[in-house]
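Structure at a glance
Spelled out from the first residue to the last, the chains are:
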Amino acid sequence: MHTPPPNAAPAEAHPPSLVAVVCPRCRGPLALDRDPIVCTACAETYDRAEGFLDLIVGDRFPDALSTDALEYEERHCCHTTRRYWAPLFQRLLHTSPTPPRVLALGCGVGVEVDILCETGFDCIGIDNGNRVARWRERTEQSRLILANGMHLPFEDASFDAVFCGCVFPHVGVVGDTFRTTPTYAEDRANLAIEMGRILRPGGRIFAASPNRLFPLDIFHGRESGSLRPRLNPPTDPFLLSVSDYRALFRAAGCPDTRPLPARGYWMFDRSQHSLKGRLATIPVRALFAASSIPGATVLHGSPITPWIVVGARKAR
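Everything numeric in this text was worked out from a predicted model, so none of it was measured.

Quick look at the pattern of salt bridges
For the coordinates displayed, the defined rule picks out 21 salt bridges. Here Arg-101 and Asp-122 are joined by a salt bridge, their closest N and O atoms 3.2 Å apart. One end of the pair, Arg-101, is in strand 5 (residues 101-105); the other, Asp-122, is in strand 6 (residues 122-127), with 21 residues separating them in the sequence. By relative accessible area, which is 14% here, Arg-101 ends up buried. Linking Asp-160 and Arg-200 is a salt bridge whose minimum nitrogen-to-oxygen distance equals 3.0 Å. With Asp-160 in strand 8 (residues 159-165) and Arg-200 in strand 9 (residues 199-210), this residue pair connects regions lying 40 residues apart in the sequence. Given a relative accessible area of 23%, Asp-160 falls into the partly exposed group.

Below you can see the structure in the form of structure tokens.
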């Protein structure tokens, strides 16, 4: 049973004071003291959901997760944020005396926002799925907003960095499936443009997901409790490659895009409960290690890499 941390504050009905929240449709000012919330420029109205600002444009993402799946996701997010994102951001973003402002796009259960704030970052999180059911357990509840990536409720040049884990493959798909829609390329381009828009000059984008060039998708399509991967033809547009991300971010004003080592991103804890699971992850761990050798950037996004992380930088 999950219980809120003892110092958790109740959810506030207003956004964090450190970043301006605007209408996601026209980017006009919001009258947050009204019920419903109203944009004073276009007169669009918005609600609150369980105390959180609900600025979602369109439908919510239909992710239906069991309690066990949510528990696993929270453990994984804790691991990835402490072992991967926080060290990466400390190395690349701490270049000024003020805490870097970071947007966690698709923050899921929201635990990464708590951890990054503890680590010295000014972090805001957005999500538009059902993982937000865990937000009431977060310490930094006032930094969590219901919103989607193609309509970000922030002013231009508001953030030093924006990051997401496995968000792009789930944009432009039919529900929570692997089937892309006719507008998937346009939708993903709009997401990248929005990420670039909210970045300050010289700001950074970080995106992670399974690699389209790897023949198996070991992160989607498995039956509950099994280790059965999903076949992944390189022509299937559900996943993205480094070159796909490079094209998206270049068009969004971030011309410097490159793959990053992915070692340390995953903890593989579910596979350690059985001998079969431990044996099955040996080659996967070896591929992660080989594709994360420092300086071997040619391997970081190659077809031997099951998972990729890319970093992009906005032009100054």
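Re the pairing of strand 5
The buried count for strand 5 comes to five of five residues, which makes it a mostly enclosed element. The alternating pattern of strand 5 places Arg-101, Leu-103 and Leu-105 and Val-102 and Ala-104 on opposite faces, both of which are buried. Across five bridges, strand 5 lies against strand 6 in parallel orientation. Bridge pairing in strand 6 places Arg-101 opposite Asp-122.

Quick word on the nonpolar core
Formed by 40 residues in total, the largest nonpolar core has its most connected members in Leu-103, Leu-105, Ile-145, Phe-154, Phe-168, Met-195 and Phe-249. Those elements giving two or more residues to this core turn out to be strand 2 (37-39), strand 5, strand 6, strand 8, helix 3 (184-197), strand 9, helix 4 (242-251) and strand 13 (307-313). Considering every element that reaches this core, the biggest residue donor is helix 4, with four residues. Ignoring sequence-local partners within four residues, the contact set of Phe-249 consists of Phe-168, Ala-192, Met-195, Ile-205, Ala-207, Cys-254, Pro-255, Thr-257, Val-310 and Ala-312. Formed by 37 residues, the second largest nonpolar core is a distinct cluster that contains Phe-52, Phe-89, Val-113 and Ala-262.

Description of the layout of surface pockets
For the second largest pocket, the calculated volume is near 200 Å³. In terms of residue count, the dominant contributor to the lining of the second largest pocket is strand 9 (five residues). Classifying every residue of the lining of the second largest pocket by side-chain character gives five nonpolar, five polar and five charged.

Focus on the side chain of Glu-194
Relative to the assigned elements, Glu-194 resides in helix 3. Leaving out residues up to four positions away in the same chain, Glu-194 has contacts with Arg-27, Gly-149, Met-150, His-151 and Leu-152.

Here we look at the confidence of the model for the chain
Here the chain shows a mean pLDDT of 87. Residues at 70 or above account for 87%. Per-element confidence in the chain is highest for helix 3, whose mean pLDDT is 98, and lowest for helix 5 (residues 275-290), whose mean pLDDT is 67. Here residues 1-15 scores under 50 on pLDDT; set against residues more than four positions off or in separate chains, the count is 31 contacts.

Describing the pairing of strand 3 (residues 45-49)
Pairing analysis gives two bridges linking strand 2 to strand 3, with the strands arranged antiparallel. For Ile-37, the partnering residue across the bridge sits in strand 3 and is Tyr-46. Sheet topology places strand 3 next to strand 4 (residues 52-54); three bridges connect them, and they run antiparallel. Bridge assignment links Ala-49 to a residue of strand 4, and that residue is Phe-52.

Cut-off values and rules
- Residues numbered from 1 in each chain as written.
- Predicted model: local features only at pLDDT ≥ 70, side-chain atom pairs only at ≥ 80, totals over all residues.
- Heavy atoms only, no water.
- Salt bridge = Lys/Arg side-chain N within 4 Å of Asp/Glu carboxyl O.
- Helix = DSSP H or I, 4+ residues; strand = E, 2+ residues; numbered from the N terminus.
- Buried < 20%, exposed > 50% of the residue type's maximum accessible area, 1.4 Å probe, protein only.
- Pairing = 2+ DSSP bridges.
- Core = buried A, V, L, I, M, F, W, Y, C linked by side-chain atoms within 4.5 Å.
- Contact = heavy atoms within 4.5 Å.
- 1 Å grid on protein atoms, 1.4 Å probe; cavity = no way out; pocket = protein on both sides within 12 Å on 5 of 7 lines; lining within 4 Å.
- Points joined across faces, edges and corners; volume = space filled by probe spheres on them.
- Nonpolar A, V, L, I, M, F, W, Y, C, P; charged D, E, K, R; others polar.
- pLDDT = per-residue confidence, 0-100.

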